[in-house]
Amino acid sequence: MPSEIPLEELASLPNVYHPRLDPAGERIACFYDGSGRVELCLVDPGTGEVTQVSDGEVPREARYPIEWAPDGESVYFHRDEGGDEQNDICAFDLDGGVRAVVENDSQCILFDVAPDGRLLYASDAGAQMNLYEHDPAVGEDRQLTRYDRPVFGGQYDPAGERVAYVTNERADLENRDTYVASVAEAAPDPPTSEGGDAAARRLDVSPEGYETGVSDWAPAGDALLLTDNETDRSRVGLYDLATDDPTWLSDGEFEEHGHFVHPDGRVFAERVTEGTQRLVVYDREGSEVATPFTDGVAWPVAGRDAAVFPDGSVLVGQATATTRTTYYRYDPAADETAVVREAEYGDVDPDRFRGAEYVTYESTDGTDIGAVLYDSGERPSPVVVAVHGGPPADVKQSFDAQTQFLLDRGYSVLWPNFRGSTGRGRAFKNAIHGDWGGQEQEDVAAGARWVADKEWVDEDDLAVFGGSFGGYSAYWQLVRYPDLWDAGIAWVGITDLPGLFEESMAHFKTILREQMGDPEDNADLWRERSPITHVEDIEAPLLMLHGVNDPRCPVSQARDFRDALEERRGWTEGEQFEYVELGAEGHASTDIDHKIRVYRELADFLDERFPAE
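Just so we're clear, the structure is a prediction, and the values are computed from it rather than from any experiment.

Let's shift gears to the environment of S74. Looking at the secondary structure, you find S74 in strand β6 (residues 74-79). In this structure S74 touches E67, W68, A69, F92, D93 and R99, once residues within four positions along its chain are discounted. Among the polar contacts listed, one links the side chain of S74 to the side chain of D93, at a separation of 2.6 Å.

This part takes up the nonpolar core. Counting residues in each nonpolar core, the largest one holds 56 residues, and the members touching the most others are W436, L462, W485, L542, M544, F561 and L565. Looking at this core, the element that brings in the most residues is helix α7 (residues 469-480), giving seven residues. Not counting chain neighbours up to four residues away, the residues in contact with L542 comprise Y475, L478, G488, I489, A490, F561, L565, Q576, F577, E578 and F605. By size, the runner-up hydrophobic cluster in this structure holds 42 residues, among which are F405, V413, I592 and F605.

Taken together, the side chains of E502, E503, E520, D521 and D560 present a region of like negative charge at the surface. Position of E503 relative to the elements: it lies in helix α8 (residues 497-503). A residue is classified by how much of its surface remains accessible, and E503, at 44% relative accessible area, is partly exposed.

Here, the word disulfide means a covalent bond between the sulfur atoms of two cysteines. The full count for this structure, using the stated rule, is zero disulfides. Of all cysteine sulfurs in the structure, the one in C30 sits closest to C41, which takes part in no disulfide; the separation is 5.5 Å. There is no disulfide at C108, and the cysteine sulfur nearest it, in C90, is 10 Å away. For C108, a relative accessible area of 0% puts it in the buried group.

Another aspect to go through is the sheet that holds strand β1 (residues 16-21). Reading across from one edge, β1-β2-β3-β4 is the order of the four strands in this open sheet, with antiparallel pairing throughout. Looking at the sheet topology across the chains shown, the edges are occupied by β1 and β4 (50-52). Each strand axis lies, on average, 30° off the axis of its neighbour in the sheet, ignoring direction. Both β1 and strand β2 (residues 28-32) contribute to a ladder of four bridges, which runs antiparallel. Paired with Y17 across the bridge in β2 is F31.

Quick notes on the rules
Residues numbered from 1 in each chain as written. Predicted model: local features only at pLDDT ≥ 70, side-chain atom pairs only at ≥ 80, totals over all residues. Heavy atoms only, no water. Helix = DSSP H or I, 4+ residues; strand = E, 2+ residues; numbered from the N terminus. Contact = heavy atoms within 4.5 Å. Polar contact = N/O pair within 3.5 Å; in protein donor to acceptor, adjacent residues only side chain to side chain. Core = buried A, V, L, I, M, F, W, Y, C linked by side-chain atoms within 4.5 Å. Buried < 20%, exposed > 50% of the residue type's maximum accessible area, 1.4 Å probe, protein only. Patch = residues over 30% accessible without salt bridge, like charges linked within 9 Å, V, L, I, M, F, W, Y side chains within 5 Å. Areas by Shrake-Rupley, 256 points an atom, 1.4 Å probe, with all protein chains shown as cover. Salt bridge = Lys/Arg side-chain N within 4 Å of Asp/Glu carboxyl O. Lys, Arg positive; Asp, Glu negative; His and termini not counted. Charge placed at Lys NZ, Arg CZ, Asp CG, Glu CD. Disulfide = S-S within 2.5 Å. Pairing = 2+ DSSP bridges. Axes fitted to C-alpha atoms, helices over the stretch in contact; angles between N-to-C directions.

Don't take any of this as a statement about function, it's just geometry.
Spelled out as structure tokens, the structure:
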């Protein structure tokens with residue numbers, strides 16, 4: 001089937017990343033690649049007009065968010081080297097110039113900025129990812145926590161005197177608790193896993209083994225907006241810090257996650273159900289308020305300080321399977337919306353984009369698995385089964401350029417939300433723990449068989465594709481289900497679990513232990529569930545894509561599998577498989593040049609090894 005959308009045009013469609021309203025509510029800072037490269041830009045919320053303010057000083061890849069300084073004169077951003085994610089925190093001064101603010105040889109992630117300008121960030125400069133504070137007034141950094149396990153997230157209270165964060169001091173690795181600590185007390189004596197002298201208070205929300213996360217402080221600083229999964233499906237509630245009582249707003253029927261507490265007391269959250277993500281608003285009495293954002297995926301772009309205009313309206317994004325992101329100004333009091341910036345399509349006809357439907361099918365053990373299915377219209381249609389990363393993530397009916405690239409070339413696409421995915425509750429998400437390469441891969445294979453049975457599908461033309469954990473799945477499917485697949489594409493994928501653990505950062509090692517158990521106690525399992533162990537069983541042609549600076553799935557994962565294909569399987573690069581290293585890139589990238597190259601590699605491989613005829 002001939003392509004009707006030039007891949008260069010599709011890959012070059014402009015994107016807005018991390019929009020943040022300034023402290024005065026007059027400008028929106030964002031990363032934007034309308035120039036052909038990611039740059040720091042300002043958007044006029046009244047007209048949608050974009051003004052570029054940087055000229056190559058910011059990263060080409062927009063993975064990490066930006067934050068305004070309280071005076072509205074600078075924007076903080078993360079800067080690494082070629083996608084290695086060993087970020088420094090820098091400031092872009094709008095009157096000209098870039099300043100390094102926090103520099104070290106480790107990963108730094110900015111979480112929040114206090115009203116007086118102090119920066120709250122996480123860093124693995126020590127033995128683990130912990131919270132630090134930078135005071136620009138004196139140019140000093142101080143450590144606020146010293147836990148053995150990673151700290152997830154961090155937020156100042158409205159006065160900048162306390163911080164709320166998430167970590168796990170309990171025996172169960174699946175556990176997460178929310179803590180509140182005084183900055184003044186934590187700085188000289190950081191709370192530790194052994195129990196420091198600082199006043200770090202663990203909120204009594206759920207028993208051990210459940211996950212409680214913090215979304216926002218109430219405007220008065222007297223309560224926290226929490227998301228918790230003791231009821232299996234995540235619920236949203238306000239935790240009164242004076243009485244230690246939570247008031248739950250969700251009824252547990254759907255998976256919900258909190259965003260922020262509006263200045264007028266309304267709670268903004270999201271609800272995930274059957275491939276959609278709805279914006280949910282609860283009023284001050286806890287009743288749900290209807291919103292106009294019911295299709296596809298909708299979300300407030302940031303927390304209260306960076307998403308709420310002075311008049312109380314909220315900056316919201318929305319996309320569907322066929323429409324790219326449009327940004328709106330939503331007035332919750334009047335239930336009215338106004339467009340801030342329309343989606344851009346350039347010379348691409350948006351009518352060419354194919355829609356999606358949410359489907360379910362039965363896995364091998366009888367469990368119903370949800371999925372998002374796109375029909376290319378080709379008859380009979382070859383199918384690409386695309387496997388998402390994470391694994392704790394899920395695919396929704398939102399615009400995805402890579403999926404549209406495949407559809408335009410005649411390939412239908414099935415995205416399974418296999419066991420281990422989010423959106424269906426804690427038990428479903430955690431069912432993958434200790435079982436990578438097990439039942440979740442049966443879910444993926446069952447999806448392939450289910451779609452192959454459809455009369456409009458060519459059952460002899462099935463390919464598997466995925467990145468990150470999805471790349472692991474692509475490798476695993478090819479070596480453990482060799483008769484099912486006609487081609488495979490593994491992008492920044494995992495092939496050797498013990499090797500991955502050895503090269504991982506400390507916080508990733510904690511996550512890997514949660515996912516697969518201790519690598520020494522479970523050494524046999526880790527080896528058996530590594531695709532490289534079974535490389536001799538691969539049959540279908542394979543394309544391997546990997547960035548050389550990837551810190552999450554190091555390039556050695558691809559190089560070792562390539563060598564094993566040649567030495568143990570007897571294959572030759574350029575004949576049975578293709579191998580591509582993506583230069584100075586990390587764990588995928590939003591950079592347009594990178595996307596164009598990846599699309600070209602995919603097109604060449606598909607045209608030669610898996611053509612849609």
